[in-house]
Amino acid sequence: MATGRTHRPATRSRGIPEATVARLPLYLRALTALSERSVPTVSSEELAAAAGVNSAKLRKDFSYLGSYGTRGVGYDVEYLVYQISRELGLTQDWPVVIVGIGNLGAALANYGGFASRGFRVAALIDADPALAGTPVAGIPVQHADELEKIVSENGVSIGVISTPAGAAQQVCDRLVAAGVTSILNFAPTVLSVPDGVDVRKVDLSIELQILAFHEQRKAGEDTTESSPDAAAPPARADTGSRKGPDGDMPAVMPA
């Protein structure tokens, strides 16, 4: 089986828009569920509803893959699973290293979705000498001093950072210098990387803040509807910047 270091997905060379690429995993998840139920075909409307997009957008996205379905029949589920998996690079073996094996890193190591989606956890790395050799999800933790050697020996091109914010940039720099070109960042900080390195950030606190905004807006609309003359709530006093310790609010692995 090919490794991620020697084979790259073809999406960019084929001119598939980034917005479409971002939706392909949603389609794949919905299609995989249909495949597991032995559903042979699916209409664009049914698949769009399952993926949470509109059917016109789905058909446009699939046109970039050269898949148009059959009128009156729909899309072949198994073929689409294969086609999207191939486009995303999931028909290859992608060795991944996880750096930072605290509570979050251990949870990620135990995440069962990696193997089923084409990713292999090649190594777990932590700076704490006390963790060295400790098995997590059946994989012994290795010390951070070995990071470059581990990346080289395993042909790793994808790194996962789940360290505290203060250590994340240094870890990122070492991963990039060792040859890692894609990083999934769970640390609560923004990473600086050179051109040619892709970073995806997962931050639960940001998502919760966005939801809080919508909840506040809905509550305000309810108040306005029930009492148009109601006074606005008092402004919150400025308490200054009170930043919690790094990693207080861990991020989560997407389903």
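To be clear, the structure that these remarks concern was listed above.
Nothing here was measured: the structure is a model prediction, and the numbers come from that model.

Reading the values: the criteria
Residues numbered from 1 in each chain as written. Predicted model: local features only at pLDDT ≥ 70, side-chain atom pairs only at ≥ 80, totals over all residues. Heavy atoms only, no water. Pairing = 2+ DSSP bridges. Helix = DSSP H or I, 4+ residues; strand = E, 2+ residues; numbered from the N terminus. Contact = heavy atoms within 4.5 Å. Axes fitted to C-alpha atoms, helices over the stretch in contact; angles between N-to-C directions. Parallel < 35°, antiparallel > 145°, perpendicular 65-115°, else oblique. Nonpolar A, V, L, I, M, F, W, Y, C, P; charged D, E, K, R; others polar. Core = buried A, V, L, I, M, F, W, Y, C linked by side-chain atoms within 4.5 Å. Buried < 20%, exposed > 50% of the residue type's maximum accessible area, 1.4 Å probe, protein only. Arc of directions from axis to C-beta. Polar contact = N/O pair within 3.5 Å; in protein donor to acceptor, adjacent residues only side chain to side chain.

S.K.: I tried to follow the sheet that holds strand 8 (residues 182–185) on my own but got confused; where do I start?
M.R.: Sheets are built from strands paired through backbone hydrogen bonds, the pairs being either parallel or antiparallel. Within the open sheet, the seven strands sit side by side as 5-6-4-3-7-8-9. Their pairing is mixed. Each edge of the open sheet is held by one strand with a lone partner, namely strand 5 (135–136) and strand 9 (198–201). Taken together, the four bridges between strand 8 and strand 9 define a ladder with parallel strand orientation. Counted as the bridge partner of Leu184 is Arg200 from strand 9. Contacting strand 3 (94–99), strand 4 (119–126) and strand 6 (139–143), helix 7 (residues 147–154) crosses the sheet at an angle of about 165° to strand 4. Of the strands in this sheet, strand 3, strand 7 (158–161) and strand 8 touch helix 8 (residues 165–178), which is tilted by about 170° from strand 7.

S.K.: Looking at this structure, how should I read the packing of helix 1 (residues 18–36) against helix 3 (residues 55–64)?
M.R.: For any two helices packed against each other, one specifies the inter-axial angle together with the distance between the axes. Following both chains from N to C, one finds helix 1 and helix 3 inclined at 105°, their axes separated by 11 Å at the closest point. The angle between helix 1 and helix 3 places the two elements in the roughly perpendicular class. On helix 3, the residues that touch Thr20, Arg23 and Tyr27 of helix 1 are Lys57, Leu58, Asp61, Phe62 and Tyr64. Split into classes, the residues belonging to the contact of helix 1 with helix 3 amount to four nonpolar, one polar and three charged.

S.K.: Would you take a moment to explain the nonpolar core for this structure?
M.R.: Grouped burial of nonpolar side chains is what soluble globular proteins tend to show. In terms of nonpolar packing, the biggest core is built from 22 residues, with Tyr27, Leu31, Val42, Leu47, Leu58, Phe62 and Ile84 touching the most fellow members. Of all the elements in the fold, those that place two or more residues in this core are helix 1, helix 2 (44–51), helix 3 and helix 4 (77–88). Among the elements that line this core, the one with the most residues is helix 1, at seven residues. Leave out the neighbours within four places in its chain, and Leu47 touches Tyr27, Ala30, Leu31, Leu34, Val42, Leu58, Phe62 and Leu80.

S.K.: Would you mind going over helix 3 with me for this structure?
M.R.: Residues separated by three or four positions in an α-helix point in the same direction, a consequence of the helix having 3.6 residues per turn. Of the residues making up helix 3, those classed as buried are Ser55, Leu58, Asp61 and Phe62. Summarising the axial view, the buried residues of helix 3 lie within an arc of 120°, below the 170-degree limit, and thus occupy one face. Buried residues in helix 3 make contact with helix 1, helix 2, strand 2 (75–76) and helix 4. The N-cap residue of helix 3 is Asn54: its side-chain oxygen and the backbone nitrogen of Ala56 are 3.2 Å apart. Trailing helix 3 by a residue or two, Gly66 shows a phi angle of about 80°, which is positive.

S.K.: Would you take a moment to explain helix 2 for this structure?
M.R.: Of the positions making up helix 2, those classed as buried are Ser44, Leu47, Ala48 and Ala51. Each buried residue of helix 2 sits inside an arc of 100° when the element is viewed along its axis, so together they form one side. Facing away from the buried side of helix 2, by more than 90 degrees, are the exposed residues Glu46, Ala49 and Ala50. Buried residues along helix 2 sit against helix 1, strand 1 (41–42), helix 3, strand 2 and helix 4. Gly52 lies just past helix 2 and shows a positive phi near 80°.

S.K.: How do you make sense of unusual backbone geometry when you look at a structure like this?
M.R.: Backbone phi values are negative for most residues with the exception of glycine, while trans is the configuration of most peptide bonds. Even without glycine at this site, Ser38 takes up a positive phi of about 60°. Mapped onto the elements of the fold, Ser38 is located in the loop between helix 1 and strand 1. In this model, Ala137 sits at a positive phi of 55°, which is unusual for a non-glycine residue. One can find Ala137 in the loop between strand 5 and strand 6.

S.K.: I keep staring at the pairing of strand 6 and nothing clicks. Help me out?
M.R.: On a regular strand, each side chain points to the face opposite its neighbour's, so the side chains alternate between the two faces of the sheet. Sheet topology note: the strand 4/strand 6 ladder contains three bridges and is parallel. Note that in strand 6 the partner of Asp126 across the bridge is His143. As defined by bridge partners, strand 5 adjoins strand 6 across two bridges and the pair is classed as antiparallel. Bridge pairing in strand 6 places Pro135 opposite Pro140.

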